[in-house]
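Letter by letter, the chains look like this.
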Amino acid sequence: MGLVGGEENKNATENGVSGSEFPLGSKTKYKRMESEVVDTEEDVPLTKENRNTRKYVFACAIFASLNSVLLGYDVGVMSGAILFIQEDLKITDVQQELLVGILSIISLLGSLAGGKTSDAIGRKWTIAFASFVFQTGALIMALAPSFEVLMIGRLFAGVGIGFGVMIAPVYIAEISPAIARGSLTSFPEIFVNLGILLGYISNYAFSGLPVHISWRVMLGVGIIPSVFLAFALFVIPESPRWLVMQNRIEEAKIVLTKTNESESDVEERLAEIQLAAGMANAEKYEAKAIWSEILSPNPAVRRMLITGCGIQCFQQITGIDATVYYSPTIFKNAGIKGNTQLLAATVVVGFTKTVFILVAIFLIDRVGRKPLLYVSTIGMTTCLFGLSLALALPGNGKLGIGLAILTVCGNVAFFSVGIGPICWVLSSEVFPLKLRAQASALGAVGSRVSSGVITMSFLSVSRAITVAGTFFIFSVISALSVAFVHTCVPETKGKSLEEIEMLFQDEGEWQSGEVEMGDAERLVQKA
């Protein structure tokens, strides 16, 4: 399993890497890395080559994240399209829940297969495959003459999304320099939010068309991003870590030269990757052996799984997908009348969600992961409780409508500023190279299953205990997520992937992390 205690210097020497060149072998307690990183940034002049390197990495992260637009668009557009599908195809409430929620459940197949596929054909071509499968599903849905055919298209789209949500953060984490990894790995979440906003806008824009045409146009527009993704495949390189695993060292070095700002950085990163990959290859880890290690983990891997998979599940069981998918239902319950008014309110929600994800990207590598998670989970708990109160107000007059819109927007804002993007950052950071693809796939499965259970049961549970009661339960779950962050999430800001692997060897450091509640309080004061 990864780099442990004093073994690193011995292994580094055996692989031809001196301790000075590869300083990961220290047993001393981790120190904060950001001061060293910031000093480096200030001391090194920003040359034309440095600017080009940053632009190249930035472009790779954007192109790798295009699949996330498809996921976001599907989530956003379905919230409005389902109103017209229900009217056109005369589907029942149970069929409506199944149509909305099945995408998340079926996507686990793509996520489970994504790890092995990305190890076999590479991260880059797994991104391409995900897009192709999703676009096939989108086309089938747009042309579907019946509920049954619509479900077939939904299944294809779900498999494509499963591949996409698993591979994009892994690819970006493996290609990014440590100083910018947090921000860049958050790009898929930015594009999910952009896709949701575009879906909401599409709902509003096409709501005036005849019922039997409007929802088909709404779903069909989702095919457009494939044009940009086809172009992207000619621009983005393969992951250097995957290339090293395939013993394509020279190709990996070329990629690292394009994504790192100095020759010394290239050599250091290549040495770290070779050491990690060499240990994996030397032990001949086949897929069965890797899954065996994940399913019967040692203490360090267990801590990684708790952190990486736990944060994925909490991201969804706090009800964010129910809020997004069923926002028209929520606003209707609050007292808003008419489809056009309902869809206009959802556009406000989508805009809020998109704006605040940009705030997270600006802060994640400056403030750190843990303070933002504190602010996010505490804020979501407050807003979810406030929403339950707003929906429980007798009469649901202007006060109830205003409070409902405010708390829904607040909930998605706090989600976007913390647990939304940081969930994917952490799940791509905490696992060692030999386990990263499969463990990240497992975390994505947990996320998709949690999302599916929530979205497929929301209407039924709401009928049983009211919409207000449902959101009260979400607020309780969100309160538990605060405790999870405090107990099980360490700070990974400014560390290389190999250093993060070492962090989980020490249970004390894993549980205490590097950030306390006071950091979050100071962040709120600055905001």
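Computed from a predicted structure; not experimentally measured.

Draft legend 1. Quick look at the overall build of the protein. Of regular secondary structure, the protein possesses 26 helices and zero strands. The long-range fraction of contacts in the protein, counting pairs at least 24 apart against all pairs at least 6 apart in sequence, stands at 83%. Roughly 20200 Å² of accessible area belongs to the protein as shown, and the carbon and sulfur atoms make up 66% of that amount.

Draft legend 2. Broad picture of the nonpolar core. Judged by nonpolar contacts, the single largest core of 127 residues is most densely connected at Leu 99, Phe 458 and Phe 471. Here the element with the most residues in this core is helix H23 (residues 433-488); it accounts for 15 residues. Each of domain 1 (49-279) and domain 2 (297-506) gives at least three residues to this core. Look past the residues within four positions of Phe 471 in its chain and what remains in contact with it is Thr 323, Ile 330, Leu 384, Leu 387, Ser 388, Leu 391 and Phe 458.

Draft legend 3. Just empty space enclosed by the protein, in detail. Under the definition given, this model contains six cavities of 30 Å³ or more. One number sums up the size of the largest cavity: a volume of about 220 Å³. Around the largest cavity sit 20 residues that line it, and Leu 71, Glu 189, Val 192, Trp 424 and Arg 448 are the ones nearest its centre. Here the lining of the largest cavity is composed, by residue class, of 12 nonpolar, four polar and four charged. For the lining of the largest cavity, the domains that each give at least three residues are domain 1 (49-279) and domain 2 (297-506).

Draft legend 4. Representation of the packing of helix H5 (residues 93-121) against helix H6 (residues 123-143) in the model. Where H5 contacts H6, the two axes come as close as 7 Å, and the packing angle between them is 125°. Judged on the interaxial angle alone, H6 and H5 are oblique. Crossing angle aside, the handedness with which H5 passes H6 is right-handed. For the pair H5 and H6, the contacting residues are Gly 114, Thr 117, Ser 118, Asp 119 and Ile 121 in the first and Arg 123, Trp 125 and Thr 126 in the second. Of the residues in the contact of H5 with H6, the class split is two nonpolar, four polar and two charged.

Draft legend 5. Expanded view of unusual backbone geometry. In this structure, Lys 90 is a non-glycine residue whose phi angle is positive, near 55°. Examined against the element boundaries, Lys 90 turns out to sit in the loop between helix H4 (66-89) and H5. Within the chain, Thr 466 stands out as a residue other than glycine whose phi angle is a positive 75°. Tracing the chain through its elements places Thr 466 in helix H23. The exposure class assigned to Thr 466 is partly exposed, which follows from its relative accessible area of 45%.

Draft legend 6. Spotlight on helix H18 (residues 327-334). What H18 keeps buried is the set Ser 327, Pro 328, Ile 330, Phe 331 and Ala 334. Buried residues of H18, seen end-on, are gathered within an arc of 160° and therefore sit on one face of the element. Trailing H18 by a residue or two, Gly 335 shows a phi angle of about 125°, which is positive.

Draft legend 7. Spotlight on the environment of Ser 239. Mapped onto the fold, Ser 239 is located in the loop between helix H11 (225-232) and helix H12 (240-245). Among the residues examined, Ser 239 registers a relative accessible area of 0% and is labelled buried. Between the alpha carbons of Ser 239 and Tyr 171 there is a distance of 6.2 Å; along the sequence they are 68 residues apart. Among the polar contacts made by the side chain of Ser 239, one reaches the main-chain amide nitrogen of Arg 241 at a distance of 3.3 Å.

Draft legend 8. Highlighting helix H20 (residues 369-392). Taking 1.5 Å of rise per residue, 24 residues should cover 34 Å, and H20 covers 35 Å from first to last C-alpha, within 8% of that figure. Counted residue by residue, H20 has 19 buried out of 24 residues, so it is predominantly covered.

Draft legend 9. Region of interest: a nonpolar patch on the surface. Together, Phe 385, Leu 389, Val 461, Ile 465, Phe 472, Ile 473 and Val 476 give the surface a local cluster of nonpolar side chains, amounting to about 560 Å² of exposed area. For the nonpolar patch, the secondary-structure elements that each account for two or more residues are H20 and H23. The biggest single contributor to the nonpolar patch is H23, with five residues. Looking at the secondary structure, you find Ile 473 in helix H23.

Draft legend 10. Molecular detail of the packing of H5 against H23. Between H5 and H23, the shortest axis-to-axis distance is 8 Å and the interhelical angle comes to 175°. By the angle between their axes, H5 is roughly antiparallel relative to H23. Across the contact of H5 with H23, the residue classes tally to 15 nonpolar, 13 polar and five charged.

Cut-offs and rules
Residues numbered from 1 in each chain as written. Predicted model: local features only at pLDDT ≥ 70, side-chain atom pairs only at ≥ 80, totals over all residues. Heavy atoms only, no water. Helix = DSSP H or I, 4+ residues; strand = E, 2+ residues; numbered from the N terminus. Contact = heavy atoms within 4.5 Å. Areas by Shrake-Rupley, 256 points an atom, 1.4 Å probe, with all protein chains shown as cover. Core = buried A, V, L, I, M, F, W, Y, C linked by side-chain atoms within 4.5 Å. Buried < 20%, exposed > 50% of the residue type's maximum accessible area, 1.4 Å probe, protein only. Domains from an automatic or database assignment. 1 Å grid on protein atoms, 1.4 Å probe; cavity = no way out; pocket = protein on both sides within 12 Å on 5 of 7 lines; lining within 4 Å. Points joined across faces, edges and corners; volume = space filled by probe spheres on them. Nonpolar A, V, L, I, M, F, W, Y, C, P; charged D, E, K, R; others polar. Axes fitted to C-alpha atoms, helices over the stretch in contact; angles between N-to-C directions. Parallel < 35°, antiparallel > 145°, perpendicular 65-115°, else oblique. Left-handed = near helix turned anticlockwise from the far one by under 90°. Arc of directions from axis to C-beta. Polar contact = N/O pair within 3.5 Å; in protein donor to acceptor, adjacent residues only side chain to side chain. Expected span 1.5 Å × (residues − 1). Patch = residues over 30% accessible without salt bridge, like charges linked within 9 Å, V, L, I, M, F, W, Y side chains within 5 Å. Salt bridge = Lys/Arg side-chain N within 4 Å of Asp/Glu carboxyl O.

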